[in-house]
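Structural overview for review
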Amino acid sequence: MTTSLNRYLGSVITALLSGVAVIFFFTPIRDASWLVILLIIALLTFCYNQVFQSISILKNFPKWKRHLTIGFTLLFSLLAVLSLKGEQLYLLDNSLLTRAYVYIGTYLTICFIVLWIILSLLNMEMDKISHSISKWNILKYALPSLMIWGLYLLAFFPGTMTADSIYQWEQAHTGHFNDWHPVMYTLFIMLVTTLWDSPAAIGISQIIIMSLTVGYCLYQFEKAGANKTIIWVVSFAFALSPINGIYSVTIWKDILYSTFLLLFTTIVFNLVITNGKWIKNNSHLAFFIIVALGVVFFRHNGFVVCLAVLIVLLVAFRQTWKQWLFAISFIIAAHYAVTGPLFDYLKVVPSDPNEALSIPTQQLARVIAYDGNITDEQADYLNQILPLSLWKKNYNPYVTDPIKFSKQYNRKAIFPNNLSNYLHTWWDICLQNPKLSTQALLKQTSLVWQMNQPADGYTSTFVTNIFYGNKFGLKNQIIFDPLTIAVKKYLTISDTTLKPLIWRPATYTFLILLFTFVAFLRNDWKAWLVPLIVLLNTGTVLIALPAQDFRYLYSNSLVFFIAFLFAFISYKKKEMST
């Protein structure tokens, strides 16, 4: 009893000290209400008490695993603090000691929370693996999404469309293809609208595809032994997510691309828990190739991401090398057949290569805007691309559109014959201005790594209407006004009060890493193969991010649910059904 009381008192004192630090990290302490302070201290008290109770799990780890867990916790928490940190100008009025207390206290608090999550998940027992689960469960787990997302279609009938959506809709209706937006999604629009020439047909199709994908993923985890209660919680969480709801009726290529990434991740999960045996089944191999082709063709970076993962899978599961060589060969051949002969037949206009230069553009623009170190020769060349005065005027730290879509922007100064000169100039200017170029990189890629939206930044989240004034006369129709008002209010709350939790992709990336680490501790290193494709996709977005649009990393919010379920699965030393 004395031990329990001491542990509880220690938890309360620690929670008081760390709670104040955490609150001060996010907002001036004088602005925080007593209710919020008491709630946070209560939650932290519970967290610390649980950690102190579960510490025996850590002590029972092998030495290497214990050291790895501590190292991961310390590094992960440090990165999380950097990702959560805002401008915090209010802290500048305080002493160095106070600031040190806030930062160190917040860091240690996150360390404890991370350790609590790891130990709590590891302490949970799994269900026994079942080999006789009905495939009808796919539809059962899909039903919440089918029903709830259908309400979004009714609320914003016949769907939501931006300028990009209208542009792709136009291609589908004229047959004049431009690969700026992947042709495969344009062909998908053409196919669906032959049945019903309305954006609603796209919305219905996406709702069905996404819902069945969710059902399939949850079915696979049920087969692997995940608790049914947790699976149903995830099923409803998928359905109730405002992101999934509004995106299911939005005509963007990113929606189906992200859905294929989710499906691909689940297939890799099947491979991992069966040690690669899953792919030996010919129907599984065919399914895998279809899903991989979805990744390849629904967004331009998909081919590189998919090919990289395929090579890793070949190495990891080399005992089934024949299947992997066939899959890789088929996917490469299909990619070049489509982007070669088929594109030629369809007279597809190639995409603008300037889209890949977003980061260099922002770095050059920041150096010019802040009067960095540039030679006369470099200035003359950059002036050929865009007058230096417009580089300064049009520079926005978080989006390249004002520069690259400027009427005076001269692409011929870069493409096709001067790319090497451009890259050489960019590299030299970055070396001459390391601070400014690094600042430009961090700001432009904020969407990828920063959970806390910058004070001067933005996050483009969603639209609830069809692009106004479009040439096709497409408009939204109010079917049931109370439903539209209610769904809009739900979305607004998610985009304001809950924005850092829901609409910042970095939040999901951090959680994917955390949950996968738990799965790794339960099993072995192959657990890291499961989220590999979404992490590589995040890396490619980081390299060429043009704007702060959540949709570019929508897949992270989907795979987050898979990573969460994966943290409960023990596959090592078990014979899983293929």
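Calculation criteria
Residues numbered from 1 in each chain as written. Predicted model: local features only at pLDDT ≥ 70, side-chain atom pairs only at ≥ 80, totals over all residues. Heavy atoms only, no water. Helix = DSSP H or I, 4+ residues; strand = E, 2+ residues; numbered from the N terminus. Rg over C-alpha atoms; globule rule 2.2 N^0.38 Å. Buried < 20%, exposed > 50% of the residue type's maximum accessible area, 1.4 Å probe, protein only. Contact = heavy atoms within 4.5 Å. Areas by Shrake-Rupley, 256 points an atom, 1.4 Å probe, with all protein chains shown as cover. Axes fitted to C-alpha atoms, helices over the stretch in contact; angles between N-to-C directions. Parallel < 35°, antiparallel > 145°, perpendicular 65-115°, else oblique. Nonpolar A, V, L, I, M, F, W, Y, C, P; charged D, E, K, R; others polar. 1 Å grid on protein atoms, 1.4 Å probe; cavity = no way out; pocket = protein on both sides within 12 Å on 5 of 7 lines; lining within 4 Å. Points joined across faces, edges and corners; volume = space filled by probe spheres on them. Core = buried A, V, L, I, M, F, W, Y, C linked by side-chain atoms within 4.5 Å. Salt bridge = Lys/Arg side-chain N within 4 Å of Asp/Glu carboxyl O. Patch = residues over 30% accessible without salt bridge, like charges linked within 9 Å, V, L, I, M, F, W, Y side chains within 5 Å. Disulfide = S-S within 2.5 Å. Expected span 1.5 Å × (residues − 1). Phe/Tyr/Trp six-rings, centres within 6.5 Å; stacked < 30°, edge-to-face > 60°.

**Some points on the overall build of the protein**
The secondary structure content of the protein amounts to 26 helices and zero strands. Against the compact-globule benchmark of 25 Å for 578 residues, the protein has a radius of gyration of 25 Å, which places it among compact chains. The dimensions of the protein, computed from C-alpha atoms along their principal axes, are 80 × 65 × 55 Å. The buried share of the protein, taken over its 578 residues, is 54%. The long-range fraction of contacts in the protein, counting pairs at least 24 apart against all pairs at least 6 apart in sequence, stands at 82%. Working note: accessible area of the protein is about 26,300 Å², and carbon and sulfur atoms make up 67% of it.

**A word on the packing of helix α3 (residues 63-84) against helix α24 (residues 505-522)**
Contact geometry for α3 and α24: axes closest at 12 Å, N-to-C directions at 175°. Comparing the axis directions of α3 and α24 gives the class roughly antiparallel. Contacts from Trp64, Lys65, Leu68, Thr69, Phe72, Phe76, Leu79, Ala80 and Ser83 in α3 reach Ala506, Phe510, Leu513, Leu514, Phe517, Phe520 and Leu521 in α24. Partitioning the contact of α3 with α24 into residue classes produces 13 nonpolar, two polar and one charged.

**Brief notes about the layout of surface pockets**
Estimates place the volume of the largest pocket at around 1,400 Å³. Around the largest pocket sit 44 residues that line it, and Leu84, Ile113, Met451, Leu501 and Thr507 are the ones nearest its centre. Per-class residue counts for the lining of the largest pocket are 35 nonpolar, nine polar and no charged. Along its surface, the second largest pocket is lined by 47 residues, and Trp180, Lys253, Arg299, His300 and Glu355 are the ones closest to its centre. Where the lining of the second largest pocket is concerned, the elements lending two or more residues are α6 (163-174), α7 (183-193), α11 (253-273), α12 (282-297), α13 (302-316), α14 (321-346), α18 (401-404) and α25 (532-544). In terms of residue class, the lining of the second largest pocket is built from 26 nonpolar, 10 polar and 11 charged.

**Looking at the nonpolar core**
Ranked by size, the top nonpolar core spans 147 residues in total, and within it Ile118, Ile246, Tyr247, Phe264, Phe288, Leu313 and Phe566 carry the most contacts. Formed by 23 residues, the second largest nonpolar core is a distinct cluster that contains Leu390, Trp391, Ile403 and Cys430.

**Focus: the pattern of salt bridges**
With the rule as written, the count across this model stands at 12 salt bridges. Taking the shortest distance from any N to any O, the salt bridge between Asp254 and Arg551 comes out at 2.8 Å. Taken together, the residues span a long stretch of sequence, with Asp254 in helix α11 and Arg551 in the loop between α25 and α26 (554-566) at a distance of 297 residues. The residues Asp254 and Arg551 share a single accessibility class, namely buried. Among the ionic pairs, Lys404 bridges to Glu355, the shortest N-O distance being 3.1 Å. Here Lys404, found in helix α18, pairs with Glu355, found in the loop between α14 and α15 (358-369); they are 49 residues apart in sequence, far enough to count as distant. Accessibility expressed as a relative area gives 4% for Lys404, which makes it buried.

**Describing a nonpolar patch on the surface**
Judged by side-chain polarity, Trp136, Leu139, Leu143, Met147, Leu195, Trp196, Ile204, Ile208 and Leu212 come together as a nonpolar surface patch covering roughly 950 Å² of accessible area. Elements that contribute at least two residues to the nonpolar patch include exactly α5 (137-155) and α8 (199-223). Note on placement: Met147 falls in helix α5. Using a relative accessible area of 56% as the deciding quantity, one classes Met147 as exposed.

**Some thoughts on the state of the cysteines**
Counted under the stated rule, the structure contains zero disulfides. With no disulfide of its own, Cys217 lies 16 Å from the sulfur of Cys306, the closest cysteine sulfur.

**Describing α8**
Between its first and last C-alpha atoms α8 spans 36 Å; for 25 residues at 1.5 Å apiece the expected length is 36 Å, and the two agree. Within α8, 20 of the 25 residues are buried, which leaves the element mostly enclosed by the surrounding structure. Gly225, located one to two residues past α8, shows a positive phi value of around 110°.

**Topic: the packing of aromatic side chains**
Taken as a whole and assessed by the stated rule, the structure comprises 41 aromatic pairs. Between Phe564 and Phe568, the ring centres sit 5.1 Å apart and the planes meet at 80°, which makes this aromatic pair edge-to-face. Judged by its relative accessible area of 23%, Phe564 falls in the partly exposed class. Take Phe568: its relative accessible area is 3%, and that puts it in the buried class. Relative to Tyr571, the ring of Phe566 has its centre 6.3 Å away and its plane inclined at 5°; by these criteria the two rings are stacked. Taken individually, Phe566 and Tyr571 each receive the classification buried, so the pair is uniform in this respect.

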